Amino acid sequence: MLDIIQNLASQTGFATLGWKNYVMLLVAFFFMYLAIAKGFEPLLLVPISFGMFLVNMFPSIIQEGGLLHYFYMLDEWSILPSLIFLGVGAMTDFGPLIAYPPSFILGAAAQFGIYGAYFLAIALGFTGKEAAAISIIGGADGPTSIFLAGKLGMGGTLLGPIAVAAYSYMSLVPVIQPPFMKLFTTQKERLIKMPAPRKVTKLEKILFPIVVTLVVVMILPTTAPLVGMLMLGNLFRESGVVKQLTETASNALMYIVVILLGTSVGATTSAEAFLQVTTLKIVLLGLVAFCLGTATGVLFGKLMCAVTKGKVNPLIGSAGVSAVPMAARVSQKVAAEYDPTNFLLMNAMGPNVAGVIGTAVAAGTFMAIFNVH
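In short, a report on the structure. (Residues numbered from 1 in each chain as written. Predicted model: local features only at pLDDT ≥ 70, side-chain atom pairs only at ≥ 80, totals over all residues. Heavy atoms only, no water.)

**Focus on the overall build of the protein**
Quick note on the threshold: Strands here mean DSSP runs of E at least two residues long; helices mean DSSP runs of H or I at least four residues long; both are numbered from the N terminus. Here the radius of gyration uses the C-alpha set of atoms, whereas the globule reference equals 2.2 Å times the residue count to the power 0.38. A 1.4 Å probe rolled over the protein chains alone gives each residue an accessible area, and that area as a share of the maximum for its type sets the label: buried under 20%, exposed over 50%, partly exposed in between. What makes two residues a contact is simply this: any of their non-hydrogen atoms within 4.5 Å.
A count of helical and extended segments in the protein gives 21 helices and zero strands. In terms of C-alpha radius of gyration, the protein reaches 21 Å, essentially the compact-globule figure of 21 Å for 373 residues. Over its C-alpha atoms, taken along the principal directions, the protein stretches across nearly 80 × 45 × 40 Å. Counting over 373 residues, the protein shows a buried share of 54%. Here the analysis covers contacts within the protein between residues at least 6 apart in sequence; of these, 79% occur between residues at least 24 apart.

This is the structure in structure tokens:
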């Protein structure tokens, strides 16, 4: 009987977990608090935090044969990130971008954070592939970060910290962006009212995903999984003839994938893998990339404001990161602080959608550089 009791006691979490596991449990509880009490992107943070909670009590759940191991394999194979893009395309109206093509400039400008962080990561001792996988965090795009990290062979080492950092910054867009938006703009610029985007025809909306896929994939074939799925979802939406597919991609399928992706991402944060100096570097580099991307987006917005003689509100430049539609909502929120009658949301959606495409292109560029398919 004593042997049975000792055997049972040795199998409890109290006997098998170390102090690092308890630290990670506190981090998991903090993420749960942000999601539930503060409402910071609960669709992302609730499954991520619970996956983190599970793996640090029962590490075997992410090891081969464990339940979340098979979820994680779908991340490494780039299946879940591509399906997320399908859902995003089905949910998103590309009309504001079509109505004002210069929005592409702001979406491209916000990608400077990615390339700046790439060279900084190399300076800190990371290899080229590691630097590329880390720098893509600057797009505030969790699925693309997971996609690129998997393609560059970071699945066994850096994918977990990269994914958690990317999704964390996606969730914290309303906290991180406003200070930079206010720092680089004047009150006069923030008060600029932009006219509502012109009405886009149905033909334009149908042709847009086809043309973008043709142009982008012909130039960078490596972008096909992400850009292709994004545009397929949008074609579902705009064609008007496959409502069932649109509803499935933007609702049921999207939420199923978010559960699998979020939980498996959280489960990559075992104490042994996560509490390292390298992880701290990744988190800090991701923050630098995101802040730099926000800043360059706003600064290019100021440039467009000057070129158009005050017709463009620079606040929409911050929406050039890939966090759609969160970044566009932040542009609207900051503008409304200074003038409650100023409605920038639809204008900000143009750069925001351009940012999604821009981050996918950045990922495809890195894959082409390192000859990865």
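Picking up after the structure, the text goes on.
**A few points about the packing of aromatic side chains**
The cut-off we apply is this: The pairing test for Phe, Tyr and Trp rings, Trp by its six-membered ring, is centres within 6.5 Å, and the orientation test on the planes gives stacked under 30 degrees, edge-to-face over 60, and tilted for anything in between.
For the structure shown, the criterion picks out nine aromatic pairs. Between Phe29 and Phe53 the ring centres are 5.5 Å apart and the planes differ by 50 degrees, which places this aromatic pair in the tilted class. Of the two residues, Phe29 is situated in helix 3 (residues 19–36) and Phe53 in helix 4 (residues 42–55); the sequence distance between them amounts to 24 residues. You can call Phe53 buried: its relative accessible area is 17%. Look at Tyr169 and Phe290: their rings are 6.4 Å apart centre to centre, the planes differ by 25 degrees, and that puts the pair in the stacked class.

**Regarding the packing of helix 16 (residues 224–239) against helix 21 (residues 345–369)**
The condition is simple: Axis angles are defined between N-to-C directions and span 0 to 180 degrees, where every axis is a line fitted to C-alpha atoms and, for a helix, only to the segment in contact. Every angle not falling under 35 degrees, over 145, or within 65 to 115 is termed oblique; those three ranges are roughly parallel, roughly antiparallel and roughly perpendicular. Residue polarity follows a fixed list, in which Ala, Val, Leu, Ile, Met, Phe, Trp, Tyr, Cys and Pro are nonpolar, Asp, Glu, Lys and Arg are charged, and the others, Gly among them, are polar.
Taken N-terminus to C-terminus, the directions of helix 16 and helix 21 make an angle of 155 degrees; their axes are 9 Å apart at the nearest point. Our classification of the angle between helix 16 and helix 21 gives roughly antiparallel. The segment helix 16 lies against helix 21, with Leu226, Val227, Leu230 and Met231 engaging Val356, Ile357 and Ala360. Of the residues that constitute the contact of helix 16 with helix 21, the class distribution is seven nonpolar, no polar and no charged.

**Thoughts on a nonpolar patch on the surface**
The cut-off we apply is this: For patches, a residue must show more than 30% relative accessible area and have no salt bridge; joins then use 9 Å for like charges and 5 Å for nonpolar side chains, namely Val, Leu, Ile, Met, Phe, Trp and Tyr. All accessibility values rest on the Shrake-Rupley procedure with a 1.4 Å probe; residue burial counts only the protein chains present in the view. Any Lys or Arg side-chain nitrogen found within 4 Å of a carboxyl oxygen on Asp or Glu counts as a salt bridge.
On the surface, a cluster of nonpolar side chains totalling about 820 Å² of accessible area is made up of Leu203, Leu207, Ile210, Val211, Leu214, Val215, Met218 and Ile219. Among the secondary structure elements, Ile219 is positioned in helix 15 (residues 202–219).

**Some details on helix 21**
Put simply, the rule is: Expected helix span is taken as 1.5 Å per residue step, with the number of steps being one fewer than the number of residues.
In this model, helix 21 (25 residues) spans 36 Å end to end at C-alpha, consistent with the 36 Å of a helix rising 1.5 Å per residue. Burial runs high along helix 21: 19 of the 25 residues are buried. Phi turns positive one or two residues past the end of helix 21, at Asn371, with a value near 55 degrees.

**A few points about helix 3**
Given a rise of 1.5 Å per residue, 18 residues ought to cover 26 Å, and the 26 Å separating the end C-alpha atoms of helix 3 matches this to within 8%. Those residues of helix 3 that sit buried are Asn21, Met24, Leu25, Ala28, Phe31, Met32, Leu34 and Ala35. Against the buried residues of helix 3 lie helix 4, helix 12 (159–171) and helix 18 (271–274).

**Focus on the environment of Pro59**
Summarising the element assignment, Pro59 is placed in the loop between helix 4 and helix 5 (67–76). Once the C-alpha coordinates of Pro59 and Thr269 are considered, the two residues, 210 residues apart in sequence, prove to be 9.7 Å apart.

**Observations regarding unusual backbone geometry**
Following Val324, the chain continues into Pro325 via a peptide bond in cis, with omega recorded as -5 degrees. Mapped onto the secondary structure, Pro325 falls in the loop between helix 19 (277–307) and helix 20 (326–338). Phi at Lys309 takes a positive value of approximately 60 degrees, unusual for a residue other than glycine. With respect to the helices and strands, Lys309 occurs in the loop between helix 19 and helix 20.

**Concerning the pattern of salt bridges**
Summed over the entire model, instances satisfying the criterion amount to six salt bridges. Residues Glu189 and Lys302 are paired through a salt bridge, measuring 2.9 Å at the closest nitrogen-oxygen approach. Of this pair, Glu189 sits in helix 14 (residues 187–190) while Lys302 sits in helix 19, and the two are 113 residues apart along the sequence. Note on Glu189: relative accessible area 13%, which makes it buried. Exposure remark for Lys302: the relative accessible area of 23% places this residue in the partly exposed category. Measuring nitrogen to oxygen at the nearest pair gives 2.8 Å for the salt bridge that ties Arg198 to Glu204.

**Considerations on the environment of Phe71**
Assignment of secondary structure puts Phe71 in helix 5. Phe71 sits 193 residues away from Ser264 along the chain, and the two C-alpha atoms are 5.7 Å apart. Beyond its immediate sequence surroundings of up to four residues, Phe71 is in contact with Leu80, Leu260 and Ser264.

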